[in-house]
Amino acid sequence: MKAKKFTLTTQLVLDNLLSDIADIELNGKTTVTIGDAGSKSARQRGYEWILYDAIAKSGKGGRHEDSKIGVHLISKYRFALPLMIRDDSNFAELWAIYRQLYSGDPIRIEWFIDTQVHTEKLNTSQMAEYLDEFIKHYTDLGFDLPDPEDKKLLEWKK
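Residues numbered from 1 in each chain as written. Predicted model: local features only at pLDDT ≥ 70, side-chain atom pairs only at ≥ 80, totals over all residues. Heavy atoms only, no water.

Observations regarding the overall build of the protein chain
Turning to step 1, where the next piece is worked out: Each helix and strand counted, the protein chain has six helices and zero strands in total.
Turning to step 2, where the next piece is worked out: Moving toward the C terminus, one meets the helices and strands of the protein chain in the order α-α-α-α-α-α.
Turning to step 3, where the next piece is worked out: For the protein chain, buried positions account for 34% of its 158 residues.
Turning to step 4, where the next piece is worked out: At a minimum sequence separation of 6, the contacts of the protein chain that also span at least 24 residues come to 67%. (Helix = DSSP H or I, 4+ residues; strand = E, 2+ residues; numbered from the N terminus. Buried < 20%, exposed > 50% of the residue type's maximum accessible area, 1.4 Å probe, protein only. Contact = heavy atoms within 4.5 Å.)

Listed below in C-alpha cells is the structure:
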C-alpha cells in the first residue's frame, strides 16, 4: 500500500481519510498514525514553487500563468485571499474597503494582491488547504502536476 498523508483542513479531507481507513483490510499489516502538523515547512514552500513552475512551463495557462511569478500572483488571488478573508477579520475588513474603492481598477487590485496577500503568512493548515485548492483547480482544468512523492516531498503537508 502506498503511504498517504491527510492534513485535516476541510470536511472533505476528513471524509476522504475516513473512507480510506474504512477500506483498509484488517490484517495487521497497516499502521495509521495521527499527529500534529507543526509549522509550515520548507517542503510546502518548495512544492508550491514546483507547482508554479509546472503551470508556467505547460503553456496552457491564461494571462497570468506564463511565469512562476504570474502563477503565484493569480493563485494568491484565487486561493490565499479567500483563506485570509475567512480567517482574519481585520484583513477581511481591509480587503472589503479596498475592493469597494478600487473594484473597477484591475491594476490597483493586482497591486493589493501582490503587496498585501502573502502565502508566507499562512499557517500550516492554511498552506495545506491553499495547496489542496491549487491542485484541485489545476487538475480539474487538465494540468498534469508533479506528484510530491516524485520530488521526495511526500511530507509537503507537514
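Describing the nonpolar core
Turning to step 1, where the next piece is worked out: Ranked by internal contacts, the top residues of the largest apolar core, which has 28 residues, are Ile-113, Val-117, Tyr-130, Phe-134 and Tyr-138.
Turning to step 2, where the next piece is worked out: Elements supplying a minimum of two residues to this core: helix H2 (42-58), helix H3 (68-87), helix H4 (89-102), helix H5 (106-116) and helix H6 (124-140).
Turning to step 3, where the next piece is worked out: If one sorts the elements of this core by residue count, H3 sits on top with eight residues.
Turning to step 4, where the next piece is worked out: Filtering out sequence-adjacent residues up to four positions away, Ile-113 remains in contact with Leu-73, Lys-76, Tyr-77, Leu-81 and Trp-95. (Core = buried A, V, L, I, M, F, W, Y, C linked by side-chain atoms within 4.5 Å.)

Re the pattern of salt bridges
Turning to step 1, where the next piece is worked out: All chains considered together, the criterion is met by eight salt bridges.
Turning to step 2, where the next piece is worked out: Here Lys-57 makes a salt bridge to Asp-53, at a shortest N to O gap of 3.1 Å. Residue Lys-57 and its partner Asp-53 are located together in helix H2, separated by four residues, close to a single helical turn.
Turning to step 3, where the next piece is worked out: Classification of Lys-57 as exposed rests on a relative accessible area of 65%. (Salt bridge = Lys/Arg side-chain N within 4 Å of Asp/Glu carboxyl O.)

Examining H6
Turning to step 1, where the next piece is worked out: With 17 residues, H6 extends 24 Å between its outermost C-alpha atoms, agreeing within 8% with the 24 Å of an ideal straight helix rising 1.5 Å per residue.
Turning to step 2, where the next piece is worked out: Within the sequence span of H6, burial applies to Thr-124, Gln-126, Met-127, Ala-128, Glu-129, Tyr-130, Leu-131, Asp-132, Phe-134 and Tyr-138.
Turning to step 3, where the next piece is worked out: Elements that come into contact with the buried residues of H6 comprise helix H1 (11-22), H2 and H3.
Turning to step 4, where the next piece is worked out: Within two residues after H6, Gly-142 carries a phi angle of roughly 95°, on the positive side. (Expected span 1.5 Å × (residues − 1).)

Points about H2
Turning to step 1, where the next piece is worked out: Between its first and last C-alpha atoms H2 spans 24 Å; for 17 residues at 1.5 Å apiece the expected length is 24 Å, and the two agree.
Turning to step 2, where the next piece is worked out: Considering only its buried residues, H2 is in contact with H3 and H6.
Turning to step 3, where the next piece is worked out: Remark: Gly-59 follows H2 within two positions and exhibits a positive phi of approximately 75°.

A word on the side chain of Ser-75
Turning to step 1, where the next piece is worked out: Assignment of secondary structure puts Ser-75 in helix H3.
Turning to step 2, where the next piece is worked out: Ser-75 gets classed as buried once you look at its relative accessible area, which sits at 0%.

Some thoughts on the packing of H3 against H4
Turning to step 1, where the next piece is worked out: It is the contact of H3 with H4, at a shortest axis distance of 5 Å, that shows an interaxial angle of 120°. By the angle between their directions, the pair H3 and H4 is classed as oblique. Residue-level contacts link Tyr-77, Leu-81, Met-84, Ile-85 and Asp-87 of H3 to Ser-89, Phe-91, Ala-92 and Trp-95 of H4.
Turning to step 2, where the next piece is worked out: By residue class, the composition of the contact of H3 with H4 is seven nonpolar, one polar and one charged. (Axes fitted to C-alpha atoms, helices over the stretch in contact; angles between N-to-C directions. Parallel < 35°, antiparallel > 145°, perpendicular 65-115°, else oblique. Nonpolar A, V, L, I, M, F, W, Y, C, P; charged D, E, K, R; others polar.)

A word on the packing of aromatic side chains
Any aromatic ring pair is given by two values, namely how distant the centres are and how the planes are angled relative to each other.
Turning to step 1, where the next piece is worked out: Taken as a whole and assessed by the stated rule, the structure comprises eleven aromatic pairs.
Turning to step 2, where the next piece is worked out: Ring centres 6.2 Å apart and planes at 80° place the aromatic pair Phe-79 and Tyr-130 in the edge-to-face group. You can see Phe-79 sitting in helix H3 and its partner Tyr-130 sitting in helix H6, a full 51 residues away along the chain. Exposure class is identical for Phe-79 and Tyr-130. Each is buried.
Turning to step 3, where the next piece is worked out: Ring centres 5.1 Å apart and planes at 45° place the aromatic pair Trp-95 and Phe-112 in the tilted group. Pair noted here: Trp-95 is in helix H4 and Phe-112 is in helix H5, with a separation of 17 residues, a long-range link.
Turning to step 4, where the next piece is worked out: By the ring-pair criterion, three or more aromatic residues cluster together here, those being Trp-49, Tyr-52, Phe-79, Tyr-130, Phe-134, Tyr-138 and Phe-143.
Turning to step 5, where the next piece is worked out: Over the ring of Phe-143 we find Lys-60, and its NZ or CZ is 4.9 Å from the ring centre. (Phe/Tyr/Trp six-rings, centres within 6.5 Å; stacked < 30°, edge-to-face > 60°. Lys NZ or Arg CZ within 6 Å of the ring centre and 35° of its normal.)

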